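Survey of secondary and tertiary structure
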Amino acid sequence: MANNRLLSPQAIKTLKQGATKEHPLFVVGLGICSSLAVSNTVNNALAMGFGVTFVLIATAVIIAGLRKLIPPRARMITYMVTISAFVIIVQKFLDAFFPTISEQMGPYVGLIITNCILMGRAEAFYITNPVSYSVLDAIGNGIGYSYTLLLLAVIREILGFGTLLGYRVTPESWEKWVVMSMAPGAFFLLGTAIWIAKSINQARDSEEEGE
Amino acid sequence: MVHLLTIIAASLLTHNIALTYLLGMCPFVSMSRRMNTATGMGVAVIFVVTITAAINWAIYHYVLVPLHSELIYFIVFIIVIAAFVQLLEMVMERFFPPLQAAFGIFLPLITVNCIVLAVSLFMILRDYSFAATVVFAFGSAVGWTLAMLIVAAINERLKLIGNIPQGLAGIGIIMIIAGIIALSFLGFGGMVDVR
């Protein structure tokens, strides 16, 4: 029964929307800070992607599960406390198992709390929907966010350091684009990525209208 | 004293919180479309960041450390920030209605502005003293506002020329402008050296 519901067309749509049409980063423009700051190497991007997805799912379960108990006036503070609690778990997990990544990411792990995707999804979706759909939405958004981060990170790490996951992939003669590993490179790359994503979406929309 | 001056120069120019650490980008993007909203947001952020960093420093060092509960400082900081913003809104509504009319709409947005929390987190990571924290918070917020104003001004000019490709309009072009400004801010690098 539960299985059937999870595979219903609406469920699949919920899952897909977060990763494509309502893509948090490109389309809605949320979560830009962290995606720029930690996409310099693939390792950091992976850690951040997993961290955000984990916190999203956990928040979805808690908020959607308690949605009837949360008084409307205390919504925001409930989201914040829930999110912070899970971010502490992520931080301690990284500290314990991946100390080098944790050190490189510095304050950015803590800043998952203010990642607008979390608050945004909690307010827009989890507070009004049942747990099952909320979790699907969380997974969709988490995947959408992570693959973007990973895409940016792969480009930036190859161009900026000439490596991938720390292994050399470019020939010795490769001139590193140091600027790609720094802030301006992040801006340029995200700007270009948003441009491409928007153009594709616009083309698709006008095609749908034409039909 | 020299240390404090170094911190303020670093947070304003060489280690600008928006252009080097890439923080506070969501409001940066949404606010830098128009010059006057950017100014309003900037003033509100400078005020809130400086004061919450001071409060958080005091709470961390006088409450959390003696109680050995540093673990929960994320939760404490974010609650302090949210509570302070709420309080500020109420005080302004009650005593300074014109101010509320001008800055009111920016206040709720500040709670989720990452730089407010980021400044508090940096101060813990770098082990700043109280004076250093206040100076760093103020400098960072001013630096963030500076960056946003530059981008907003360029963006307003660009709109007048109006030759932006359709897909690039909005967030895209702001990213490109910010990238160029960040590139020019790299020119300040090496002026001061601070962790």
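What counts, and where the lines are drawn
- Residues numbered from 1 in each chain as written.
- Chains lettered and ligands numbered in written order.
- Predicted model: local features only at pLDDT ≥ 70, side-chain atom pairs only at ≥ 80, totals over all residues.
- Helix = DSSP H or I, 4+ residues; strand = E, 2+ residues; numbered from the N terminus.
- Rg over C-alpha atoms; globule rule 2.2 N^0.38 Å.
- Buried ≥ 20, exposed ≤ 12 C-beta atoms within 10 Å, placed from the backbone.
- Contact = placed C-beta atoms within 7 Å.
- pLDDT = per-residue confidence, 0-100.
- Expected span 1.5 Å × (residues − 1).
- Nonpolar A, V, L, I, M, F, W, Y, C, P; charged D, E, K, R; others polar.
- Axes fitted to C-alpha atoms, helices over the stretch in contact; angles between N-to-C directions.
- Parallel < 35°, antiparallel > 145°, perpendicular 65-115°, else oblique.
- Left-handed = near helix turned anticlockwise from the far one by under 90°.
- Core = buried A, V, L, I, M, F, W, Y, C linked by C-beta atoms within 7 Å.

Each helix and strand counted, chain B has nine helices and zero strands in total. Walking chain B from its N terminus toward its C terminus, one meets helices and strands in the order α-α-α-α-α-α-α-α-α. Scaling as 2.2 N^0.38, a compact globule of 195 residues should have a C-alpha radius of gyration of about 16 Å, and chain B matches this with 18 Å. Along the three orthogonal principal directions, the C-alpha set of chain B runs to about 60 × 45 × 30 Å. Residues classed as buried in chain B amount to 45% of the 195 residues present. Within chain B, counting contacts between residues at least 6 apart in sequence, those at least 24 apart form 79% of the total.

Okay, the confidence of the model for chain B next. Residues and elements named next belong to chain B. Residues with a pLDDT of 70 or more make up 96% of chain B, whose mean pLDDT is 84. Taking the mean pLDDT of every element in chain B, the minimum, 73, falls on helix α6 (residues 107-111) and the maximum, 89, on helix α8 (residues 130-161). The ipTM assigned to the predicted complex is 0.80, against a pTM of 0.81.

So, about unusual backbone geometry. All names here are of chain B. For His68, which is not glycine, the phi dihedral falls at a positive 55°. Mapping His68 onto the fold places it in the loop between α3 (35-64) and α4 (73-95). Under the C-beta neighbour-count criterion, His68 is labelled exposed, with 7 such atoms within 10 Å. For Asp127, which is not a glycine, the phi torsion comes out positive at approximately 60°. Locating Asp127 in the fold gives a position in the loop between α7 (114-125) and α8. Under the C-beta neighbour-count criterion, Asp127 is labelled exposed, with 9 such atoms within 10 Å.

Once that is clear, we can look at α3 of chain B. A rise of 1.5 Å per residue sets the reference length of α3 of chain B, with its 30 residues, at 44 Å; its end C-alpha atoms lie 41 Å apart and thus fit the reference within 8%. Taken together, the buried residues of α3 of chain B touch α2 (25-31), α4, α5 (97-103), α6, α7 and α8 of chain B.

Turning our eyes to something else, we now look at the environment of Ile83 of chain A. Structurally, Ile83 of chain A can be placed in helix α5 (residues 75-97). Beyond its immediate stretch of four places on either side in the chain, Ile83 of chain A contacts Val55, Thr59, Ile113 and Leu118 of chain A.

Taken together, the contact between chain B and chain A spans 34 residues of the former and 34 residues of the latter. If one sorts the elements of the side of chain B that touches chain A by residue count, helix α9 (residues 171-185) of chain B sits on top with eight residues. For the side of chain B that touches chain A, the residue count by class is 28 nonpolar, six polar and no charged.

Here the focus is the confidence of the model for chain A. Per-residue confidence for chain A averages 80 on the pLDDT scale, and 83% of its residues sit at or above 70. Within chain A, the lowest mean pLDDT, 43, falls on helix α1 (residues 2-6) of chain A, and the highest, 91, falls on helix α4 (residues 42-65) of chain A.

All names here are of chain A. Among the secondary structure elements, Tyr145 is positioned in helix α8 (residues 131-161). We classify Tyr145 as buried; it has 26 C-beta atoms within 10 Å. Residues Tyr145 and Ser132 lie 13 residues apart in sequence; the distance between their C-alpha atoms is 20 Å.

With that out of the way, let us pick up the packing of α4 of chain B against α7 of chain B. Residues and elements named next belong to chain B. Contact geometry of α4 with α7 gives a least axis separation of 10 Å together with a crossing angle of 140°. By the angle class used here, α4 and α7 are oblique. Seen along the crossing, α4 lies across α7 with a hand that is right-handed. Contacts between α4 and α7 pair Tyr73, Phe77, Ile78 and Ile81 from the former with Val116, Leu117, Ser120 and Ile124 from the latter. Residues belonging to the contact of α4 with α7 are distributed by class as follows: seven nonpolar, one polar and no charged.

Bringing the packing of helix α7 (residues 116-126) of chain A against α8 of chain A into the picture now. Residue and element names in this part refer to chain A. Running from N to C, α7 and α8 point in directions that differ by 150°, and their axes come no closer than 11 Å. By the angle between their axes, α7 is roughly antiparallel relative to α8. Considering how the two elements wind past one another, α7 and α8 form a crossing that is right-handed. Contacts from Ile117, Arg121, Phe125 and Tyr126 of α7 reach α8 at Ser134, Asp137, Ala138, Asn141 and Tyr145.

Below, the discussion takes up the nonpolar core. Residues and elements named next belong to chain B. Core analysis: the largest hydrophobic core is formed by 115 residues, its most contacted members being Ile115, Leu117, Ala118 and Val119. By residue number, the principal contributor to this core is α8, which donates twelve residues. Ignoring sequence-local partners within four residues, the contact set of Val119 consists of Val49, Ala53, Phe136, Ala137 and Ser140.

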